[in-house]
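# Descriptive analysis of the structure
Chain residues, written in single-letter form:
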Amino acid sequence: MSHQEKNVLGAVSDAAIDPKDKERAITRRARNRIRGLSHHAYYTTDAEKTRHFYEDILELPMTIALRIPDEVFTGKPAPYCHFFFEMGDGSSIAFFDYPDIFDGEPPFTVSTVYHHHIAVNVDSVAAIEYFQKKLSSEGYEGTYVDHGTFFSLYLRDPNGMNLELTYTPPMAEEYNLRAEKTAHAELKAWVATRA
Ligand SMILES: [Fe+2]
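Now for a quick tour of the structure. (Residues numbered from 1 in each chain as written. Predicted model: local features only at pLDDT ≥ 70, side-chain atom pairs only at ≥ 80, totals over all residues. Heavy atoms only, no water.)

## Quick word on the overall build of the protein chain
Basically, it comes down to this: Numbering goes from the N terminus for both helices and strands, where a helix is a DSSP run of H or I of at least four residues and a strand is a run of E of at least two. The buried label goes to any residue with under 20% of its type's maximum accessible area, the exposed label to any with over 50%, and the partly exposed label to all in between, with areas taken from a 1.4 Å probe on protein chains only. Contacts are assigned to residue pairs that have any heavy atoms within 4.5 Å of one another. Under the convention used here, a 1.4 Å probe and the Shrake-Rupley method define accessible areas, while residue burial counts only the protein chains that appear.
On a plain count of helices and strands, the protein chain comes out with 5 helices and 8 strands. Going residue by residue from the N terminus, the α and β elements of the protein chain occur as α-α-β-α-β-β-β-β-α-β-β-β-α. Taken over the C-alpha atoms alone, the protein chain extends approximately 60 × 40 × 40 Å along its principal axes. With 195 residues in all, the protein chain has 33% of them scored as buried. Contacts in the protein chain between residues far apart in sequence, at least 24 positions, make up 60% of those at least 6 positions apart. Working note: accessible area of the protein chain is about 12600 Å², and carbon and sulfur atoms make up 56% of it.

## Section: the nonpolar core
For clarity, the threshold we go by: Residue types Ala, Val, Leu, Ile, Met, Phe, Trp, Tyr and Cys, when buried and joined through side-chain atoms within 4.5 Å, form a set referred to as a nonpolar core. Note that the domain bounds were set by an automatic or database domain assignment.
Core analysis: the largest hydrophobic core is formed by 26 residues, its most contacted members being Phe53, Tyr54, Leu58, Ile93, Leu135 and Leu165. For this core, the secondary structure elements donating two or more residues are helix 3 (47-57), strand 3 (77-86), strand 4 (92-97), strand 5 (117-121), helix 4 (125-137), strand 7 (151-156) and strand 8 (162-167). The leading source of residues in this core is helix 4, at 4 residues. Each of two domains, domain 1 (1-30 + 109-195) and domain 2 (38-107), supplies a minimum of three residues to this core. When sequence neighbours within four positions are dropped, the list of residues in contact with Ile93 reads His40, Tyr54, Leu60, Phe83, Phe84, Phe85, Met87, Ile118 and Val120.

## Some details on the sheet that holds strand 7
To be explicit about the condition: If DSSP finds at least two bridges between two strands, the strands pair. Structural elements are reduced to axes, namely lines fitted to C-alpha atoms, with helices fitted over the stretch in contact, and the angle between N-to-C directions of any two is expressed from 0 to 180 degrees.
Taken together, the 4 strands give an open sheet; going across it, the order is 5-8-7-6, and neighbouring strands pair in mixed fashion. Of all strands in the sheet, those bounded by a partner on one side alone are strand 5 and strand 6 (143-146). For this sheet the average axis-to-axis angle between neighbouring strands, irrespective of direction, equals 25°. Of the pairings in the sheet, the one linking strand 6 to strand 7 comprises 4 bridges and is antiparallel in character.

What follows is the structure in structure tokens.
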């Protein structure tokens, strides 16, 4: 077991999973009023470079591109473009290219993945390898991490945004059901001991 695996697995209960646990998770999700991610919006100053990254390299079709003449809240004339790349569940990664607000340098640079990042599911480890090769040939070098129960490639998009491509195999479901049992106790312990 790798150090990373121990970190992840060590934080969850090793209690056995009751078959009802899975049913309970399904019911809980079905009752959630918040249904899922509609879109995650970020900003760019290079719309074409962003389109190339998401559409040509990551193969997410651009399904909406809106040229808006006025600022939404004030009505002040300030043209911008808002465009969307669709993922497999119908949700999107979207961008604003808004010269009046963001201009010049790539808008966002962060030093670590612990800053804001978004993680998107891919359908297999092979898909991570496939995209890693494609990204690398275009100059986007990612870092691959085997977390034990899931696998991730961490990279930066052309705008400096942290992006994680991740695959969680079906066998990890049991891990998630166990994690749920200790989540509140773990957080409480963290809050109580945080310096
Ligand atoms: Fe993550």
